[in-house]
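Remarks on the overall topology
Residues per chain are reported as follows:
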Amino acid sequence: MTLLTLPQFAAAAADAVQASGAAPDNRQAKAVPAERMIRYYTSRGLLPRPGNRGRALIYGRTHLMRLVAIKRLQGEGLSLDEIAERLAGMSAAQVEALAAIPEGAVPAGLGDPEPAPEPARAAGAFWRAVPDAAPEVAPEAAAAPAVTNLQAVRLSDTVTLLVDGPLPPLDSLRRAAAPLLDLLANPGKDFPIVLSSRRRDGDGG
């Protein structure tokens, strides 16, 4: 079986393009495929990955047919994106029919190499170990704290009262807080403790 290195393939492809009359005559595409163009077509997925023979890249019949077909479609004015879409829906036999290379322009015994494996990507240090799963949080711990109905009442310039719940009438609140405000305003003064009782409704005497 005959296989071609990259320089040999570029030369054979140039001969096949000329022999099949597939060379595009517009200025948007080069008529003669070169090594750089072949590498570019491979990176775009228009050509299959080549095989390897040691360090050398090797190409075969499928590469030749597709490259000539690409040049023929470029001659029809198609862009590379349009060509990729067209070739994706074609079988190998349809590609050969489109290329229409005379048998004498195909190297004798030209076969297809085994495609080279995809290069392995080195994993970063972060992914060398599988991270532990995040611990599950109990629903009770994840629940948000209860929101209280906390209200602030300014009793003086220096005293603010926080009330958790409904507020009593402000006048009653200020009267009840008056002794505390006096104590805070005069910290050295002694205040008598007054105990008072309120007669309950219905109590006698």
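- Named according to an unreviewed UniProt entry, the protein is MerR family transcriptional regulator originating from Mycobacterium paragordonae.

**Focus on the packing of helix α1 (residues 6-20) against helix α2 (residues 35-43)**
- Contact pair α1 / α2: the axes reach a minimum separation of 9 Å and the direction vectors enclose 100°. In terms of axis orientation, α1 runs roughly perpendicular to α2. Only E35, I38 and R39 of α2 make contact with α1, whose side of the interface consists of L6, P7, F9 and A10.
- Taken together, the residues that form the contact of α1 with α2 break down as five nonpolar, no polar and two charged.

**Regarding the pairing of strand β4 (residues 150-154)**
- Two strands pair when backbone bridges link them, and β4 and strand β5 (residues 160-164) are joined in this way by five bridges, in the antiparallel orientation. Pairing of L150 across the sheet is with D164, part of β5.
- Linkage of β4 to β5, two consecutive antiparallel strands, is achieved through a turn of five residues.

**A few points about unusual backbone geometry**
- Notably, A100 is not glycine yet its phi reads approximately 50°, a positive angle.
- On the basis of relative accessibility, which here comes to 40%, the residue A100 falls in the partly exposed class.

**Looking at the pattern of salt bridges**
- Under the definition given, this model contains two salt bridges.
- Ionic pairing is found between R44 and D81, a salt bridge with its closest N-O pair at 2.6 Å. With R44 in the loop between α2 and β2 (51-53) and D81 in helix α4 (residues 80-88), this pair connects stretches of sequence that are 37 residues apart.
- The exposure class assigned to R44 is partly exposed, which follows from its relative accessible area of 34%.
- D81 gets classed as exposed once you look at its relative accessible area, which sits at 57%.
- Between E96 and R61 there is a salt bridge, and its shortest N-O distance comes to 3.1 Å. Here the residue E96 occupies a position in helix α5 (residues 92-99), and R61 occupies one in helix α3 (residues 61-75), the gap between them amounting to 35 residues.
- We classify R61 as partly exposed; its relative accessible area is 22%.

**Some details on the sheet that holds strand β3 (residues 56-59)**
- Strands sit in the order β1-β3-β2 across an open sheet of three strands; the sheet is antiparallel. Because the sheet does not close on itself, it has two edges, and the strands there are β1 (4-5) and β2.
- In this sheet, β3 lies alongside β2 in antiparallel orientation, the contact comprising three bridges. Within β3, the position partnered with R53 by the bridge is A56.

**Things to note about the pairing of β3**
- Here β1 pairs with β3 via two bridges, running antiparallel. Bridge pairing links L4 to Y59 in β3.
- Counting the residues between successive antiparallel strands, the hairpin from β2 to β3 contains two residues, one of them, G54, with a positive phi of roughly 70°.

**Concerning α4**
- Every buried residue belonging to α4 is among L80, I83 and L87, and all of these are buried. For α4, the arc enclosing every buried residue in end-on projection is 55°, short of the 170-degree limit, so these residues lie on one face. Away from the buried face of α4 by more than 90 degrees, exposed residues D81, E85 and A88 are located.
- If you follow the buried residues of α4, they end up packed against α2, α3 and α5.

**Regarding the packing of α3 against α5**
- Orientation of α3 relative to α5, taken along the N-to-C sense of each, is 55°, at an axis distance of 8 Å. The angle between the axes of α3 and α5 places the two elements in the oblique class. α3 and α5 meet at a crossing whose hand is left-handed. Across from R61, M65, R66, V68, A69, R72 and L73 in α3, the residues of α5 making contact are V95, E96, L98 and A99.
- Looking at the contact of α3 with α5 residue by residue, the classes come out as seven nonpolar, no polar and four charged.

About the cut-offs
Residues numbered from 1 in each chain as written. Predicted model: local features only at pLDDT ≥ 70, side-chain atom pairs only at ≥ 80, totals over all residues. Heavy atoms only, no water. Axes fitted to C-alpha atoms, helices over the stretch in contact; angles between N-to-C directions. Helix = DSSP H or I, 4+ residues; strand = E, 2+ residues; numbered from the N terminus. Parallel < 35°, antiparallel > 145°, perpendicular 65-115°, else oblique. Contact = heavy atoms within 4.5 Å. Nonpolar A, V, L, I, M, F, W, Y, C, P; charged D, E, K, R; others polar. Pairing = 2+ DSSP bridges. Buried < 20%, exposed > 50% of the residue type's maximum accessible area, 1.4 Å probe, protein only. Salt bridge = Lys/Arg side-chain N within 4 Å of Asp/Glu carboxyl O. Arc of directions from axis to C-beta. Left-handed = near helix turned anticlockwise from the far one by under 90°.

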